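In case you want the letters, here they are:
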Amino acid sequence: MTPDLMEEGAKRAERVASIAAGNATESGGRQAGFSRPVVSGEVDTTHGRILYLEDVNVSFDGFKAINGLSLDIAPGELRCIIGPNGAGKTTMMDIITGKTRPDSGQVYFGSTIDLLRYREAEIAAMGIGRKFQKPTVFEHLSVFENLELALATDKRVRHSMVFALTGEEKDRLGEVLHTIHLADSAARQAGNLSHGQKQWLEIGMLLMQDPKLLLLDEPVAGMTDEETERTAQLFLTLKGKHSLMVVEHDMSFIRTISEKVTVLCDGSVLAEGTLDQVQADERVIEVYLGR
Ligand SMILES: Nc1ncnc2c1ncn2[C@@H]1O[C@H](COP(=O)(O)OP(=O)(O)OP(=O)(O)O)[C@@H](O)[C@H]1O
């Protein structure tokens, strides 16, 4: 979620707190926010790419965090990104979502949308959803209400907390509840969910906005084996309908979900291929897997 969305979420949380019994609580040290209305217009993927990065460079005080990074992702693809600490994985996601501006290079959403021309909130509105490592949901609201709020697109409506879902929206919400394995927990307070369930709920909140591309940072960190397995199934369900970029260190999880794996190191792509291919690559073993 973007800073201004978080701010909006924070304002909203204050209002909700006066309506709902109890206080708005935070998850993961950040306020839950809201997605924005999706800007109309299709992403042009006729060239077979939903995301395209070419020769991207970013320096922090002279240190090259991203160094000639080129990468592209196909529509509906589930791409796994691995690499050692400090490889530039988070910085890459920051660039795609407009949080960090590169010094040079190209970043395109489809063939025609130059993401470097847009602000973070605009990029989110175009259909690029981001999930940070820690879950951020409204803990004092129910699972259903969290999803409902994620769907509310009119600011006034959001703030008043009075809105009625259309039949289509109800269907969508039901579908998402089912997809994220929380259909039986719709009435439960989000704060009482397990860590894994909170992660799924936040993914569900992103799904309510029907994102075209989802960026997921270490989604299974801290999950039980069973939750990890369910998350793998969830991602396999999402693949095809959405494009996904998943940063993870959990190799058995990656083995379950991956087709193509990109290995980042020192701010650029070190290797790319199936998990078996990159695991057999001597350079990858040296910098990452051999640790
Ligand atoms: N705002 C910043 N200022 C200075 N250096 C930064 C900044 N952001 C990132 N870096 C540096 O850039 C490099 C890449 O960091 P990044 O967080 O993108 O790596 P990562 O691959 O996500 O690592 P991890 O797996 O530990 O999350 C690191 O050396 C980091 O210290």
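An account of the accompanying structure is given in this report. Everything numeric in this text was worked out from a predicted model, so none of it was measured. (Residues numbered from 1 in each chain as written. Predicted model: local features only at pLDDT ≥ 70, side-chain atom pairs only at ≥ 80, totals over all residues.)

## Some thoughts on the overall build of the protein chain
Looking only at helices and strands, the protein chain features 11 helices and 10 strands. Look at the contacts in the protein chain between residues 6 or more apart in sequence, and 70% of them connect residues 24 or more apart. (Helix = DSSP H or I, 4+ residues; strand = E, 2+ residues; numbered from the N terminus. Contact = placed C-beta atoms within 7 Å.)

## Quick look at the site of the ligand
Contacts to the ligand come from Phe60, Ala65, Gly83, Asn85, Gly86, Ala87, Gly88, Lys89, Thr90 and Thr91. If one sorts the elements of the shell around the ligand by residue count, helix H2 (residues 89-96) sits on top with 3 residues. Grouping the amino acids of the shell around the ligand by side-chain chemistry returns 3 nonpolar, 6 polar and 1 charged. (Near = placed C-beta within 6 Å. Nonpolar A, V, L, I, M, F, W, Y, C, P; charged D, E, K, R; others polar.)

## With respect to the packing of helix H4 (residues 143-151) against helix H6 (residues 167-179)
In contact at an axis separation of 11 Å, H4 and H6 are set at 125 degrees when each is read in the N-to-C sense. Judged by the inter-axis angle, H4 sits oblique to H6. In the packing of H4 onto H6, the handedness of the crossing is right-handed. Counted together, Leu147, Glu148 and Leu151 of H4 and Glu169, Leu173, Val176 and Leu177 of H6 form the full contact between these two elements. Looking at side-chain class alone, the contact of H4 with H6 contains 5 nonpolar, no polar and 2 charged residues. (Axes fitted to C-alpha atoms, helices over the stretch in contact; angles between N-to-C directions. Parallel < 35°, antiparallel > 145°, perpendicular 65-115°, else oblique. Left-handed = near helix turned anticlockwise from the far one by under 90°.)

## Brief notes about the nonpolar core
Counting 76 residues, the largest nonpolar core has Ile96, Leu147, Leu201, Val246 and Val263 as the members making the most contacts within it. Looking at this core element by element, the count peaks at 6 residues for helix H7 (residues 195-207). Setting aside residues no more than four positions away along its own chain, Val263 makes contact with Ile82, Gly83, Leu270, Ala271, Val278, Val284 and Tyr288. (Core = buried A, V, L, I, M, F, W, Y, C linked by C-beta atoms within 7 Å. Buried ≥ 20, exposed ≤ 12 C-beta atoms within 10 Å, placed from the backbone.)

## A closer look at the sheet that holds strand S5 (residues 113-114)
Sheet architecture is open: 4 strands sit in the order S2-S1-S4-S5, paired in antiparallel fashion. Looking at strand neighbours, the two that pair on one side only are strand S2 (63-73) and S5, the edges of this open sheet. Bridge count for strand S1 (residues 51-60) against strand S4 (residues 104-109) is 5 bridges, and the pairing is antiparallel. Bridge pairing in S4 places Glu54 opposite Gln106. Most of the contacts of H2 go to S2, to which it runs at about 65 degrees, and overall it touches S1, S2 and S4. (Pairing = 2+ DSSP bridges.)

## So, the environment of Val43
Relative to the elements of secondary structure, Val43 occurs in the loop between helix H1 (3-19) and S1. Among the residues examined, Val43 registers 21 C-beta atoms within 10 Å and is labelled buried. When the C-alpha positions of Val43 and Ser104 are compared, they lie 23 Å apart, and in sequence the two are 61 residues distant. Ignoring any residue separated from it by four or fewer positions in sequence, one finds Val43 in contact with Ile50, Phe109, Gly110, Ile113, Gly127 and Lys212.

## Observations regarding the sheet that holds strand S7 (residues 213-217)
Sheet architecture is open: 6 strands sit in the order S6-S7-S8-S3-S9-S10, paired in mixed fashion. Each edge of the open sheet carries a strand with a single partner, namely strand S6 (128-131) and strand S10 (268-273). Pairwise comparison of adjacent strand axes, ignoring direction, gives a mean angle of 20 degrees for this sheet. Relative to S10, strand S9 (residues 260-265) runs antiparallel, the two sharing 5 bridges.

## Things to note about the packing of H4 against H7
At a minimum axis distance of 8 Å, the contact between H4 and H7 shows a crossing angle of 30 degrees. Here H7 runs roughly parallel to H4, going by the angle between their axes. For the pair H4 and H7, the sense of crossing is right-handed. Listed contacts from H7 to Val143, Asn146, Leu147 and Ala150 of H4 are Leu201, Gly204 and Met205. Class assignment for the residues of the contact of H4 with H7 results in 5 nonpolar, 2 polar and no charged.

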